[in-house]
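Inside the fold
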Amino acid sequence: MKISIIGQGYVGQTLAVGAAMSGHEVIGLDINAELISDLACGDSFVPGLDKKLISEIIAKKVYLPTTDFELMKGSKIVIIAVPTPIDRNREPDLNAVLAACKSINKVVIDPTLIISESTSYPGTFRDVIKPTVEKGSKTTFTFAVAPERVDPGNQDWNISNTARVISGLTEEATDRAIEFYSSFCKSIYRASSPEVAEAAKLLENTFRQVNIALINEVSEVMSKLGISANEVVNAASTKPFGFMKFQPSIGVGGHCIPVDPEYLTYFAKKVGSESKLTNLANEINLQRPKQIAQRIKKHLGGDLTGVRIQMAGIAYKTGVPDMRESPAIELITELSELGAVVSWHDPIVKTFMAQKSLPLDPSVNLGLIVTPHREINFKPWEEADTPVIDLSVGQINLGWSKYL
Ligand SMILES: NC(=O)c1ccc[n+]([C@@H]2O[C@H](COP(=O)([O-])OP(=O)(O)OC[C@H]3O[C@@H](n4cnc5c(N)ncnc54)[C@H](O)[C@@H]3O)[C@@H](O)[C@H]2O)c1
């Protein structure tokens, strides 16, 4: 089956490879020409995607990354996988979704199933995507929602073994979407409406946001006692039921956890309801870099003026080059405002805001382990016995105790 995927980022590429590997002919569309030319050479930035495999499916002509939207013509299914960020007021920014819908409206002339994998609030599909795709079009469209749950870089859970929640605007659309996803996904949950599927996605990430906030709050309280929240969490998680382990951190990052709960908050307001807990969780997590900077200041005797600090890893999580909403950015700002001279080392991010990753510097006054990518060689700090604080969620075994 010929399918087109609009958006070739983390989600779009993962889906393109999954679908092409299961026998579909995939057109991967993106407005970013540089990304498309890299992809055409098999060069993908998505962790966990095999570059050799990408080159193979391109050579077999079952995957075509392109900026030419006319190639969407003749697709049986068009899937939307574009970003759904928040704007300056922390409200949903659906501009990319609207642009994707307009490109479908402009190009597609045959009956087509339109699927959205982009995360949004309940009703986006029915009230925003459907009318924008259909506006003035002479052909008929069917619609289904199938929110993506991929966790880039996760070795255990992938597009094939992570169940997919699907719902169409009609039973026929649901059936067709299920038929398509079943070709590469082992388990499908048929939701009773697109709104349920959209809301389920928001719930999943809000659940994480709230639990991370709880543990971060506990960390702040425990720090006053001089107790490690990490140890408290480890102790609590020996209970085999009724407890799920979340670890303290410097905050949340990426395109999902800090963003999706804002969609829920927006939706709650829109329907005249409240989302007090979600708002509070957002607030707690957003405060984290500031709190951590203050704790570091206290740790170093109350004055950071001229103190040279280097961060190891600045991406929002290990193994990815993703800087979207990374709390490390805020931590750099906070520490700098307190007078510290902050540099960073991240062999995966390499360049951020026109600054290049610097080598790990053993002469700094303090090393901060923020995102311990496997690629970071901590030897210079180890050998020089550089004072180090480990703020990371992951475990590294260098004898540096966890600080949070
Ligand atoms: N990244 C994740 O782990 C993840 C997981 C589950 C769901 N999601 C959701 O999936 C959606 C996509 O996220 P992502 O992480 O893949 O984003 P991304 O930024 O990695 O990729 C999106 C791509 O869409 C392209 N794009 C933007 N506007 C376009 C347009 N009009 N036409 C064609 N291409 C366009 C961008 O150039 C970009 O390459 C979001 O709604 C996100 O919330 C993301």
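Look a little higher up for the structure.
These numbers come from a predicted model, not from an experiment. Position numbers for residues start from 1 in each chain and track the written sequence from start to end. Reporting of local features is limited, given that this is a predicted model, to residues whose pLDDT is at least 70; pairs of side-chain atoms are given and counted only at 80 or more, and all residues count toward the totals for whole chains, interfaces and linings. Note: side-chain values were computed over all heavy atoms of the structure, leaving out hydrogens and water.

**A few points about the site of the ligand**
Being near a molecule or strand, for a residue, comes down to having at least one heavy atom within 4 Å of it. Around the ligand, a shell composed of 27 residues is seen, among which Gly9, Val11, Asp30, Thr84 and Thr119 lie nearest. Here an oxygen atom of the ligand and a backbone polar atom of Tyr10 are 3.1 Å apart. Interatomic distance of 3.1 Å between a side-chain N/O atom of Arg324 and an oxygen atom of the ligand. Look at the ligand: alone it shows 830 Å² of surface, and the protein chains cover 90% of it. Helix and strand definitions follow DSSP, with helices as H or I runs of at least four residues and strands as E runs of at least two, each counted in order from the N terminus. Listed by contribution, the elements that provide at least two residues to the shell around the ligand are α1 (10-21) and α4 (95-107). Ranked by residues supplied to the shell around the ligand, first place goes to α4 with 3 residues. For this scheme, ten residues count as nonpolar: Ala, Val, Leu, Ile, Met, Phe, Trp, Tyr, Cys and Pro. Four count as charged, namely Asp, Glu, Lys and Arg, and the remainder, Gly too, count as polar. Class assignment of the residues belonging to the shell around the ligand gives a composition of 15 nonpolar, 8 polar and 4 charged. Nitrogen and oxygen atoms within 3.5 Å of one another constitute a polar contact, given that in protein one can donate a hydrogen and the other can accept it, and given that sequence-neighbouring residues count only through two side-chain atoms. Per-residue and other accessible areas follow the Shrake-Rupley method at a 1.4 Å probe size, with only the shown protein chains counted as cover for residues.

**Details of the nonpolar core**
In this text, buried Ala, Val, Leu, Ile, Met, Phe, Trp, Tyr and Cys residues form a nonpolar core when linked through side-chain atoms within 4.5 Å. Relative accessibility thresholds used throughout: buried, under 20% of the residue-type maximum; exposed, over 50%; partly exposed, between the two (1.4 Å probe, protein chains only). Counting residues in each nonpolar core, the largest one holds 34 residues, and the members touching the most others are Tyr63, Ile79, Ile115, Phe180 and Tyr181. Elements with a contribution of two residues or more to this core: β1 (2-6), α1, α2 (33-40), α3 (51-59), β4 (77-80), β5 (112-116) and α6 (171-181). Per-element tally for this core: the top contributor is α1, with 6 residues. Beyond its immediate sequence surroundings of up to four residues, Tyr63 is in contact with Gln8, Gln13, Ala16, Ala20, Val26, Gly28, Leu39, Ile54, Ile57 and Ile58. Counting 31 residues, the second largest nonpolar core, distinct from the first, contains Leu29, Val82, Val128 and Ala191. Whether two residues are in contact is decided by their heavy atoms: any pair within 4.5 Å suffices.

**With respect to the pairing of strand β2 (residues 25-29)**
Two faces belong to every sheet, and in a regular strand the side chains alternate between them. In terms of burial, β2 is a largely internal element, 4 of the 5 residues being buried. For two strands to count as paired, DSSP must find a minimum of two bridges between them. By the bridge criterion, 5 bridges tie β1 to β2 in an arrangement that is parallel. Each residue of the ladder has a partner; that of Lys2, found in β2, is Glu25. Here, the term right-handed applies to a crossover whose path from the first strand over the helix to the second runs clockwise when the strands point away from the viewer. Read as a crossover between parallel neighbours, the route from β1 over α1 to β2 is right-handed. By the bridge criterion, 4 bridges tie β2 to strand β3 (residues 63-66) in an arrangement that is parallel. Following the sheet pairing, Gly28 is matched in β3 by Pro65.

**Concerning the sheet that holds strand β7 (residues 164-168)**
Strand pairing in a sheet relies on backbone hydrogen bonds. The paired strands run either parallel or antiparallel. Strand order across the open sheet formed by 8 strands is β3-β2-β1-β4-β5-β6-β7-β8, with mixed pairing between neighbours. Lying at the two open borders of the sheet, with one neighbouring strand each, are β3 and β8 (188-190). Across the sheet, the axes of successive neighbouring strands diverge by a mean angle of 25 degrees, strand direction being ignored. Taken together, the 5 bridges between β5 and strand β6 (residues 141-145) define a ladder with parallel strand orientation. In the sheet register, Ser116 faces β6, and the bridge partner there is Val145. Axes here mean lines fitted to C-alpha atoms, for a helix over just the part in contact, with angles spanning 0 to 180 degrees between N-to-C directions. Packed onto the sheet, α6 meets β1, β4, β5, β6, β7 and β8 and runs at close to 150 degrees relative to β7.

**Observations regarding a nonpolar patch on the surface**
A residue counts toward a patch only above 30% relative accessible area and without a salt bridge, and it is joined to like-charged neighbours within 9 Å or, for Val, Leu, Ile, Met, Phe, Trp and Tyr, to nonpolar neighbours within 5 Å. Just to be clear on terms, a salt bridge is a Lys or Arg side-chain nitrogen sitting within 4 Å of an Asp or Glu carboxyl oxygen. Together, Leu203, Phe207 and Met244 make up a nonpolar patch on the protein surface, roughly 330 Å² of accessible area in all. In this structure, Leu203 sits in helix α7 (residues 194-225).

**Notes on the side chain of Thr139**
Here Thr139 lies in the loop between α5 (124-134) and β6. Polar contacts involving the side chain of Thr139 include one to the main-chain carbonyl oxygen of Asp110, which spans 3.4 Å. Residues contacting Thr139, with those up to four places away along its chain left out, are Val108, Ile109, Asp110 and Pro111.

**Regarding the pattern of salt bridges**
The final tally for this structure, using the stated rule, is 17 salt bridges. With a shortest N-O distance of 3.2 Å, Glu117 and Arg164 are connected by a salt bridge. Of this pair, Glu117 sits in the loop between β5 and α5 while Arg164 sits in strand β7; the two residues are 47 residues apart in sequence, bridging distant segments of the chain. On the basis of relative accessible area, Glu117 is assigned to the buried category, the value being 2%. The partner of Glu220 in a salt bridge is Lys224, and the shortest N-O contact between them spans 3.9 Å. Within this pair, Glu220 and its partner Lys224 are both found in helix α7, separated by 4 residues, close to a single helical turn. Of the residues examined, Glu220 reaches a relative accessible area of 16% and is grouped as buried. By sharing partners, the salt bridges in this structure join Glu220, Lys224, Arg288 and Arg295 into a single network.

**Points about helix α11 (residues 327-337)**
By the burial criterion, the buried members of α11 are Pro327, Ala328, Leu331, Glu334 and Leu335. Buried residues along α11 cover an arc of 120 degrees about the axis, so they all sit on one side. Relevant arc is that of directions from the helix axis to the C-beta atoms, nothing else.

**Notes on unusual backbone geometry**
In this structure, Lys350 is a non-glycine residue whose phi angle is positive, near 65 degrees. The class for Lys350 is exposed, based on a relative accessible area of 54%. One non-glycine residue with positive phi stands out, namely Met353, at about 50 degrees.

**Thoughts on the packing of α4 against α5**
Following both chains from N to C, one finds α4 and α5 inclined at 30 degrees, their axes separated by 7 Å at the closest point. The angle between α4 and α5 places the two elements in the roughly parallel class. Helix-helix and strand crossings are classified by hand; for α4 and α5 the assignment is right-handed. Contacts from Val97, Leu98, Cys101, Lys102, Ile104 and Asn105 of α4 reach α5 at Val128, Ile129, Thr132, Val133 and Glu134. For the contact of α4 with α5, the class distribution of residues is 7 nonpolar, 2 polar and 2 charged. Here the word oblique covers every angle except those under 35 degrees (roughly parallel), over 145 (roughly antiparallel) and from 65 to 115 (roughly perpendicular). Crossing handedness is read from the near helix: turned anticlockwise from the far helix by less than a right angle, it gives a left-handed crossing, and turned clockwise, a right-handed one.

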